Amino acid sequence: MGWIGETVDSIKSIKIRQLLTQAITLGMIVTSALIIWKCLMCVTGTESPVVVVLSGSMEPGFKRGDILFLHMTKEPIRAGEIVVFNVDGRDIPIVHRAIKVHERENTGHVDVLTKGDNNDVDDIGLYADGQFWLHRHHIMGRAVGFLPYVGWVTIIMSEKPIIKYILIGALGLLVITSKD
Amino acid sequence: MHSFGYRANALLTFSVTALAFICAIASFSDKFSNQNPSAEIQILNINRLKKQSYGNDEVSLTLDISADLQSLFTWNTKQVFAFVAAEYETSKNSLNQVSLWDVIIPDKEHAKFRIQTSNKYRFIDQGHNLRGREFNLTLHWHVMPKTGKMLADKIVMPGYSLPDAYK
């Protein structure tokens with residue numbers, strides 16, 4: 001009777017140790033991804049160092065599904081720069097080009113008007129009611145580089161969330177069932 | 001170790017890394033291109049200089065713009081976005097930049113051009129500081145690559161001025 005108890009114990013202990021190791025490995029992977037993301041945020045100076053282009057308003061330069069690398073420095077905003085901004089009250093970032101810049105003497109305060117390259121009119125219709133200019137605190141970053149097509153993964157996952165759940169479920173299954 | 005899952009995973013990781021590396025090299029190769037663009041702008045006519053009903057000055061003008069931006073195109077260039085901006089200083093604002101006209105140049109053939117046009121976007125000041133104002137006309141360009149780092153530069157042409165009275 002003693003050896004049955006022993007075998008059961010040994011089986012239980014292996015399972016628990018293996019489970020714990022796998023949980024820790026998963027935790028390490030998630031944490032290192034988070035560390036990399038936060039470091040990127042520090043280096044580029046913006047809240048979101050990478051954005052996906054969601055609309056066709058900057059075609060043919062940026063098509064839907066491209067990703068843009070952003071950078072924000074203390075240097076003043078100048079006309080021609082491609083800026084990513086949030087309008088008060090909406091949380092989808094917009095990527096357009098600054099076409100008019102008025103900078104105040106001394107304070108460095110700027111008024112910026114933007115327009116998408118493929119749009120016929122400027123962005124006044126997109127700003128909040130009664131707002132005619134963008135200010136520095138609206139602007140999240142300047143686009144400095146880009147990669148085509150890579151952003152489609154994000155667009156598909158956000159527009160058809162079922163795919164996101166399937167992917168995460170499959171990944172979870174893979175982690176649990178892998179022998180190491 | 002030789003299951004389909006492992007092989008697919010290894011293949012995917014390798015191809016993504018290789019693609020990222022190739023994109024970086026393509027972007028890096030842009031540093032070696034020799035670029036000497038040239039441009040010239042003439043103001044053909046100042047059509048109107050007026051004061052709007054709610055106080056700001058507005059100018060309408062006709063420009064003659066000729067430019068040769070062919071040397072900016074490399075094999076990694078998707079398009080060049082060029083625009084002409086009027087830049088001036090007033091007592092209230094240390095810098096004003098107003099874009100007057102822009103164009104998207106999709107390839108090298110279209111990069112050498114001469115065009116006469118009135119300003120595409122309205123030249124409106126914050127205030128009424130435009131009478132007798134001297135300003136620069138700057139041709140900016142923005143090279144958008146097929147992949148990688150974008151670069152922007154400009155040619156500043158100083159010495160233009162607006163009439164002393166409303167017309």
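Please read these numbers as outputs of a predicted model, since none were measured by experiment. (Residues numbered from 1 in each chain as written. Chains lettered and ligands numbered in written order. Predicted model: local features only at pLDDT ≥ 70, side-chain atom pairs only at ≥ 80, totals over all residues. Heavy atoms only, no water.)

Draft legend 1. The packing of aromatic side chains, seen in detail. All names here are of chain A. Taken as a whole and judged by the stated rule, the model has eight aromatic pairs over all chains. Relative to Phe146, the ring of Phe62 has its centre 5.4 Å away and its plane inclined at 45°; by these criteria the two rings are tilted. Separated by 84 residues along the polypeptide, Phe62 in the loop between strand S1 (50–52) and strand S2 (67–71) and Phe146 in strand S6 (residues 139–147) bring together distant segments of the chain. Phe62 sits in the buried class, given a relative accessible area of 0%. Of the residues examined, Phe146 reaches a relative accessible area of 1% and is grouped as buried. (Phe/Tyr/Trp six-rings, centres within 6.5 Å; stacked < 30°, edge-to-face > 60°. Helix = DSSP H or I, 4+ residues; strand = E, 2+ residues; numbered from the N terminus. Buried < 20%, exposed > 50% of the residue type's maximum accessible area, 1.4 Å probe, protein only.)

Draft legend 2. Quick peek at the domain arrangement of chain B. Residues and elements named next belong to chain B. Here chain B is partitioned into domain 1 (1–32) and domain 2 (35–161). Computed over C-alpha atoms, the centres of domain 1 and domain 2 are 41 Å apart. Buried surface at the junction of domain 1 and domain 2, summed over both partners, amounts to about 510 Å²; 45% is from carbon and sulfur atoms. By the criterion of area lost to domain 2, the three top residues of domain 1 are Ala26, Ser27 and Asp30, representing 73% of everything that side buries. Viewed at the interface, domain 2 and domain 1 are joined by zero salt bridges. (Domains from an automatic or database assignment. Buried area = accessible area lost by both parts, 1.4 Å probe. Salt bridge = Lys/Arg side-chain N within 4 Å of Asp/Glu carboxyl O.)

Draft legend 3. Up close: the pattern of salt bridges. Residue and element names in this part refer to chain A. Counted by the stated rule, this structure contains eight salt bridges over all chains. Across the salt bridge formed by Arg64 and Glu159, the nearest N and O atoms sit 3.2 Å from each other. Of this pair, Arg64 sits in the loop between S1 and S2 while Glu159 sits in helix H2 (residues 152–159), placing them 95 residues apart in sequence. Classification of Arg64 as partly exposed rests on a relative accessible area of 30%.

Draft legend 4. Expanded view of the UniProt feature "domain: Peptidase S24/S26A/S26B/S26C" (unreviewed entry) in chain A. The UniProt record marks residues 36–144 of chain A with the feature "domain: Peptidase S24/S26A/S26B/S26C" (unreviewed entry), using the residue numbering of this structure. Counted over residues 36–144 of chain A, helix gives 8% and strand 32%. Its end C-alpha atoms are 20 Å apart. (UniProt positions renumbered as here; feature names shortened; annotations may be inferred.)

Draft legend 5. Region of interest: the UniProt feature "transmembrane region" (unreviewed entry) in chain A. What UniProt calls "transmembrane region" (unreviewed entry) maps, in this numbering, to residues 19–37 of chain A. Taken end to end, residues 19–37 of chain A is 100% helix and 0% strand, and its first and last C-alpha atoms sit 27 Å apart.

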